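# Structure assessment
Next come the chains, spelled out residue by residue.
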Amino acid sequence: MAHSGQSFRSSKNKPSATQPYNKGSLASNGGETCNVKSRPEQKEDVDDCQSSLDWLEECGLDSCGLSLSHLFSHCSTTSSSPRGDGVCAQLEIDSETLADFEMQLYQATDLYHSRIRWLSQGSRKMFGTVKGSRLGVLVDTSDENCSEERLEDLQHNLLRLIEEQFSMKKVLHLMSFGTELSSLWTGPRDVTPLRLQEAQQWVLQLRPSGGCNLLHALKRAWSQAQLDSLLIILGSCPDQDPHNILSYMAQEVQDKVPSVHVVAYNTCSPVVIEIVKNIAEVTEGRYHLFSAVLGVVDSSSDLEPLWNEIKSARDVLHHIQSIRDMTASALSEISTDLDSLSLSDLKSDPDDGSAALCIQPPAPLPITSAEWLKSNGLKAKKLSLYQVLAPNVYSPKEGFVPILRKTVHSTVHEKAMVQFEWHDGTVKNVHVDLCLLRNYQKRLLEAEHVLEDRAAWLSSTGSRQIWGAVCEQQVQVLLDMSEMNSHSQLHIRHAVRLLLQEQLPNTHSFNVTAFGSDIKPWREQMAPPTRENLQDVWQWIQGLECEGGRNMLAAIQHAAQADSNSDSSLTRGVYLFTTGMPDQDPAAVSAYVSEICSSPGLRIHVSLFARESEPAWHPTTRYVTWAETAQVLRDLAHAGNGRFQWITDTGIVESDDVIALIGEMETAANYWQKCCELVDSLVQRSSNKTDAEEAQSQECCSPALCSEAWPQGHNKLPPPRPTRLSLGRTESKEGKRSPTWRPSSGKAVIPPAHPVDSWKSARPVNSAKQRKTKISHSVFYLEDGNLGAVFKTYLKPKCVQKYTSTTVKLPKQEDLCSTKQWLKLFGIRSLKLDLHKLVSGPECTHRKRLVRTVHKSVSAKYCAIFPSVQLNGSVRHLLVSPGKLKQYLIQTEKVLQRYAQRMQWLLSGSRRVFGCVLEMAVCVVLDVSGSMAPCLPELQKELASLVWDQLHANSVRFSMVAFAGEVRVWQAELVEASEERCKEAVEWLGHLSTHGGTSSLQALQHSQEVSEEPGP
């Protein structure tokens, strides 16, 4: 890097003219500054629906004066010695101008990344930015796009699209297309809050509607003259030929030019993706490809220009870096054309060794993020949501009630408790204290700010971004100076310089070792970090050259041996800076590192520097991805109980310190979300209670209701309600009365009928049922005056079919019986695996009750926590524990496998054609008429298989009858299926030939005569 008084020069053929300098976009020698970053941000706030191409017209490299041509426009030309091929000139540029130009390029790159992040949030991630003020929307509601697995996500994303982007439009028209076309309104409508609510309800009512008639939908949309833009959301392949669709759109675009935006929503079909891109190309519109499986945008008309602009900015930065790497002597010899100049191949020149280090004063050693979280994390500050809610949490109780003779579960008091899922998966009853939760949210927000400050501190200086926080007292620095790092030598020196200036002064002692094929230590022993030692090691590093391979194992062994001679009371750390994989086997290197770091006190940290413009290289002469390289070095760092850093020339890619903080911040965000859900549930409960009380007060104050409730006429008042004492006396008398009345003598009269109490029901009671459910008990008084009872007989517990986790026993061998008989023994019902019986009890019913205040039936509130199934049109709950349900699934899968085995057996051999022969005496009747000529060879083959597979194997007595115009009998009586008889039968079958008509009746008569003959 040249000083302020120097300039960079380039010798080349003088161009005809240079482009003018844009003073408003770049800092000049006179000190004019550029507002590159503020202008695009202000523009982005003005129009959120602006496309990236329009945005880059004002914020791109060309418009901001940051392209390569603008860089050379700042160069001044000086004459040089002419050569035979033309006039030679030198280009000079001031170092301050070059540094200012580079800084603005970095700012522009950060701005483009911010724009990409903004485009990857909310509904823009799924659908992109929707342009136009008068918008028509076509939504694909085919069976494929609106299947059961996709419909809920599609509706959710469409609701976000309405809320975030459609609300900014002036006119809106919503249409869905399947086999038929459906629209929300008859035509476009102005956007109002009421219209947006109707659109949301329309989205929630979307259902699968057959095929994908895209051409019909486009014709309808093109007929709306009020629309200036069209959004097409396509998730399946259209029913029409894509060439017809493209031809129609090309013809319509000639007459009318609307802005077309096509979205390939959650599809991996190459046909759909090609159609979307072709439609955007024909209509000169935009496209957007979103994959819900990966959760990322595959491609987009908004993202591609930004990535291309970032690539152009990196190319300019690469040329700037190449300019800095040139020496004055090397540049004076370059005499090629300006367009063919490749500055990337120039070798680097060491920095000026006379520049002194700006060493910062020593400070206390920091700690790693993992150790820092032990004292400053959520758990350390007792900010876990479960810790805060623990005093007000009550678990559901379960106990055995002797009177009912069954286990009873506690119920939830809905007016005071809220059901909340605990960290172990159980459901707890929580009493929500608003003051407590408000204080907790305040403390949680403060903890979140502390975590953000820690993350900002880790990124505040360059050395912590590259090396992480140096936390050990004795530090060994290992530098990768292999030949493959020749293009990255300047970055390595810059990283070491920052480390020497900012973090090594805080340590007790240090040493630096460079390694390629050989090991080159700066000192044989550790040295204190004095100013002289730090300056000396900096001079030594500038004299190093990149050469040889990457002998990483030998470097780690040298560092471990040097640490073994040091003071054991001090913490030791090895910081490895490399750009690729080791020459040795990565598994062997990790095993060695794990062995030497098994004792506490030594940790090995790895920093990977990756230049995105260059691929990674493996010692086995093959290219590897940077992800593979990072995985090997990450495992190496974790084997050494250390941390892993992955950086590029544009910033941090991965850092273990930052990852630990991000995980803690995600936990805090999760706690915040759950806390908000608790508060919302309590607020909703209180609002429902207030509405119910107001409705009840209105009913009581209504004069019409009061007049109806008052008795009409001179009807008698109803008798007083019975008390516990009167009921107890009545029940005790009824218990003493005999069930059947008999007179004491022949003259006894029949007693009069008992008067019916007016408060009792007049419906007749089934006497048999009453005797069956009667409970015998005796009533007595307690000392406090209350009434007590002693039960002698109890109600029988309700029988609810429960699944018992018994092991299903299935035969391994196939039984010789029909499928109907086999299923009687091993069917679903016989094995007690019937799901209908499992949910057929009264406790399994999904109940609905009529709520008069809202005039509709409402389901039970906590039914969602029970597994539900729909059987015969009704919803049932599966009251089975997860363990038993898992056992049920295992047994069911076992049964299905056995059924498949049985089916495969039935479809094998001769059973595929003739079925399973179950009888022990069989007569086979064959049709050999002329119509059987085409299939006779196949029939003879299958009959031979029948003879050997079933008749001979099962010792079945048999005979055969063939009939055409006449009847031929093989054996007049049934014979045993011996080997000789079976051979004769097969030979007889081979001599059969087809001819004549069909004498079915005579054949059946002969077969009946054969079957009636006794066997030998």
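Numbering of residues begins from 1 in every chain and follows the order in which that chain's sequence is written. Local features in a predicted model are, by the rule used here, given only for residues with pLDDT of at least 70; side-chain atom pairs are given and counted only at 80 or more, and totals for whole chains, interfaces and linings are based on all residues. Side-chain metrics rest on all non-hydrogen atoms present in the structure, leaving aside hydrogens and water.

### Observations regarding the sheet that holds strand β33 (residues 957-963)
Our working rule: Any two strands with at least two DSSP bridges between them are considered paired. The helix count covers DSSP runs of H or I at least four residues long, the strand count covers runs of E at least two residues long, and both are numbered beginning at the N terminus. Only the stretch in contact is used when a helix axis is fitted, and all axes are lines through C-alpha atoms; the angle between N-to-C directions ranges over 0 to 180 degrees. Contact between two residues is taken to exist if any of their heavy atoms lie within 4.5 Å; hydrogens are not considered.
Ordered in space as β32-β33-β34, the 3 strands form an open sheet in which the pairing is mixed. Edge strands, defined here as strands with exactly one partner in the open sheet, are β32 (921-927) and β34 (967-969). Strand-to-strand twist in this sheet, taken as the mean axis angle between neighbours without regard to direction, amounts to 20 degrees. Two elements, β33 and β34, share 3 bridges in a ladder whose sense is antiparallel. Along β34, the bridge assignment pairs Ala962 with Arg968. Helix-sheet contacts for helix α32 (residues 979-990) involve β32, β33 and β34, and the interaxial angle to β33 is about 10 degrees.

### Considering the environment of Gln557
Here Gln557 shows up in helix α20 (residues 552-564). A sequence separation of 32 residues divides Gln557 from Val589, and the C-alpha atoms of the two residues are 10.0 Å apart.

### As for the packing of helix α7 (residues 151-164) against helix α8 (residues 193-204)
Using the following cut-off: Put simply, angles under 35 degrees are roughly parallel, angles over 145 are roughly antiparallel, angles from 65 to 115 are roughly perpendicular, and the rest are oblique. Gly is placed with the polar residues, together with every amino acid not listed as nonpolar (Ala, Val, Leu, Ile, Met, Phe, Trp, Tyr, Cys and Pro) or charged (Asp, Glu, Lys and Arg).
The interhelical angle for the contact between α7 and α8, taken along N-to-C directions, is 170 degrees, at an axis separation of 9 Å. Regarding the angle of α7 to α8, the classification is roughly antiparallel. Every residue of α8 that contacts α7 at Gln155, Leu158, Leu159 and Ile162 is listed here: Leu196, Ala199, Gln200, Val203 and Leu204. Class assignment of the residues belonging to the contact of α7 with α8 gives a composition of 7 nonpolar, 2 polar and no charged.

### Considering α7
Rules: For a helix, the expected span equals 1.5 Å multiplied by the residue count minus one. Residue exposure (1.4 Å probe, protein chains only): buried if accessible area is under 20% of the type maximum, exposed if over 50%, otherwise partly exposed.
The end-to-end C-alpha distance of α7 is 20 Å, a good match for the 20 Å that 14 residues give at a rise of 1.5 Å each. For α7, the complete set of buried residues consists of Leu151, Leu154, Gln155, Asn157, Leu158, Leu161 and Ile162. In this structure, the buried residues of α7 make contact with α6 (123-127), β4 (134-140), α8, β8 (229-234) and β9 (259-265).

### Overview of the sheet that holds strand β15 (residues 418-421)
The strands that make up a sheet are held in pairs by hydrogen bonds between backbone atoms, and each pair lies either parallel or antiparallel. An order of β12-β16-β15 is seen for the 3 strands of this open sheet, with the pairing classed as antiparallel. The sheet is open, and its two edges are formed by β12 (393-394) and β15, each paired on a single side. In this sheet, strand β16 (residues 427-430) lies alongside β15 in antiparallel orientation, the contact comprising 4 bridges. From the neighbouring strand, Phe420 faces β16, where its bridge partner is Lys428.

### Notes on the pairing of strand β24 (residues 644-648)
With respect to burial, β24 is a largely interior element, 5 of its 5 residues being buried. In this structure, strand β21 (residues 602-610) lies alongside β24, joined through 5 bridges in parallel fashion. Looking at the pairing, Val606 lines up with Phe644 of β24. Of the strand pairs in this sheet, β24 and strand β25 (residues 651-655) are connected by 4 bridges, and their pairing is antiparallel. From the neighbouring strand, Trp646 faces β25, where its bridge partner is Glu654.

### Looking at the nonpolar core
How we decide: Among the buried residues, those of types Ala, Val, Leu, Ile, Met, Phe, Trp, Tyr and Cys that are joined through side-chain atoms within 4.5 Å form a nonpolar core.
If you look at the biggest cluster of nonpolar residues, it comprises 31 residues, and the most contacted ones within it are Trp467, Leu479, Leu500, Val512 and Phe577. Those elements giving two or more residues to this core turn out to be α17 (462-467), β17 (474-480), α18 (489-502), β18 (509-515), α19 (531-542) and β20 (572-578). For this core, the element with the most residues is α18, which contributes 6 residues.

### Some details on the packing of aromatic side chains
Two aromatic rings are characterised by how far apart their centres lie and by the angle between their planes. Heads up, the condition is: Ring geometry is summarised as follows: Phe, Tyr and Trp rings, the Trp one being its six-membered ring, pair when their centres sit within 6.5 Å, and such pairs are stacked at plane angles under 30 degrees, edge-to-face over 60 and tilted between the two. Distance and angle both matter: a charge sits over a ring if NZ of Lys or CZ of Arg is within 6 Å of the ring centre and within 35 degrees of the ring normal.
Scanning the entire structure with this criterion turns up 12 aromatic pairs. When the ring of Phe127 is compared with that of Tyr265, the centres are 5.8 Å apart and the planes differ by 5 degrees; the resulting orientation is stacked. Within this pair, whereas Phe127 is found in helix α6, its partner Tyr265 is found in strand β9, the two being separated by 138 residues in sequence. What links up through ring pairs into an aromatic cluster is the set Tyr386, Phe420, Trp422 and Tyr671. Sitting over the face of the ring of Tyr248, Lys219 holds its NZ or CZ atom 5.9 Å from the ring centroid.

### Considerations on the environment of Thr192
Summarising the element assignment, Thr192 is placed in the loop between β7 (189-190) and α8. Residue class for Thr192 comes out partly exposed when judged on its relative accessible area of 33%. Thr192 sits 25 residues away from Ser167 along the chain, and the two C-alpha atoms are 8.0 Å apart.

### Describing the pattern of salt bridges
For clarity, the cut-off: Here, a salt bridge means any Lys or Arg side-chain nitrogen found within 4 Å of an Asp or Glu carboxyl oxygen.
Taken as a whole and assessed by the stated rule, the structure comprises 16 salt bridges. A salt bridge links Asp657 to Arg643, with the shortest nitrogen-to-oxygen separation between them at 2.8 Å. You can see Asp657 sitting in helix α23 (residues 656-701) and its partner Arg643 sitting in the loop between α22 (626-639) and β24, a full 14 residues away along the chain. Across the salt bridge formed by Arg902 and Glu814, the nearest N and O atoms sit 3.0 Å from each other.

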